[in-house]
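For reference, the chains in residue letters:
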Amino acid sequence: MSDHHHHHHGNEPHAFEMEHYTNTELIVREDIMAKAKELAGLLTTSNEVQIYQKAEKQISSNDHVQKLISAIKKKQKEIVAFETFQNQKMVEKIEKEIEELQDELDSIPVVSEFKQTQEDINYLLQLVMSVIRDTISDKINVEAGSSASSSNCSE
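Predicted, not measured: the structure shown is a model, and the values here were computed from it. (Residues numbered from 1 in each chain as written. Predicted model: local features only at pLDDT ≥ 70, side-chain atom pairs only at ≥ 80, totals over all residues. Heavy atoms only, no water.)

Chemist: Would you mind showing me how to read the overall build of the chain here?
Modeler: Secondary structure assignment for the chain yields 5 helices and 0 strands. Reading the chain from its N terminus to its C terminus gives the helix and strand order α-α-α-α-α. Split into buried and exposed, the 155 residues of the chain put 15% on the buried side. For the chain, the proportion of contacts with a sequence separation of at least 24, taken over those separated by at least 6, is 63%. With the model as given, the accessible surface of the chain reaches about 13,200 Å², and the carbon-plus-sulfur share is 57%. (Helix = DSSP H or I, 4+ residues; strand = E, 2+ residues; numbered from the N terminus. Buried < 20%, exposed > 50% of the residue type's maximum accessible area, 1.4 Å probe, protein only. Contact = heavy atoms within 4.5 Å. Areas by Shrake-Rupley, 256 points an atom, 1.4 Å probe, with all protein chains shown as cover.)

Next up, the structure:
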């Protein structure tokens, strides 16, 4: 990792140059944060999120699913161990077993529904983001256009 950013220690007093924030130190206005939280709250009432929560509950209470998940996790730990011993044969064997467990897991309806709703929520978030992006860039373009053509500030 190349260290381009200077990492300030958080305990330094910001006595001066308050307006020069680097990207990492960007302080978001409280009203914007509040609206973002409000929007997030609104999104959680969406169909997609409701289905997701229901699927998540079903998954956590499904013994078969939980057994498969813990079997997969256990085998992933084994792989790490065998990689340490550079035992490639065992690594490949276990990877195959994990794949089979994963396939079995994915074939369970509640699991595929869960994965589908995860994708739906990501899509929902992308959609919201692109609406925000497009609206902002429209506004910027419109204002840039109008200020170029007329020098008087009406707003």
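There's more to say after this.
Chemist: What is the right way to look at a nonpolar patch on the surface in this model?
Modeler: Taken together, the side chains of Leu 39, Leu 42, Met 129, Ile 132, Ile 136 and Ile 140 present a nonpolar region at the surface, about 540 Å² in accessible area. Every element with two or more residues in the nonpolar patch is listed here: helix H1 (30-44) and helix H5 (109-149). Broken down by element, the nonpolar patch gets its largest block of residues, 4 residues, from H5. Mapped onto the secondary structure, Ile 132 falls in helix H5. (Patch = residues over 30% accessible without salt bridge, like charges linked within 9 Å, V, L, I, M, F, W, Y side chains within 5 Å. Salt bridge = Lys/Arg side-chain N within 4 Å of Asp/Glu carboxyl O.)

Chemist: Just checking my understanding: could you explain the packing of aromatic side chains for this structure?
Modeler: How two aromatic rings sit relative to each other is set out by the distance from centre to centre and by the angle between their planes. Inspection of the entire model under this criterion finds 1 aromatic pair. Relative to Phe 114, the ring of Tyr 52 lies with its centre 5.0 Å away and its plane at 20°, an arrangement referred to as stacked. Of this pair, Tyr 52 sits in helix H2 (residues 47-60) while Phe 114 is found in helix H5, placing the two residues 62 residues apart along the sequence. (Phe/Tyr/Trp six-rings, centres within 6.5 Å; stacked < 30°, edge-to-face > 60°.)

Chemist: I'm lost on a negative patch on the surface in this one. Help?
Modeler: Residues Glu 83, Glu 92, Glu 95, Glu 99, Glu 100 and Asp 103 make up a contiguous surface patch of negative charge. In terms of residues, the negative patch owes the most to one element, helix H4 (residues 88-106), which gives 5 residues. Its location among the elements puts Glu 95 in helix H4. Here Glu 95 falls in the partly exposed class, since its relative accessible area comes to 40%. (Lys, Arg positive; Asp, Glu negative; His and termini not counted. Charge placed at Lys NZ, Arg CZ, Asp CG, Glu CD.)

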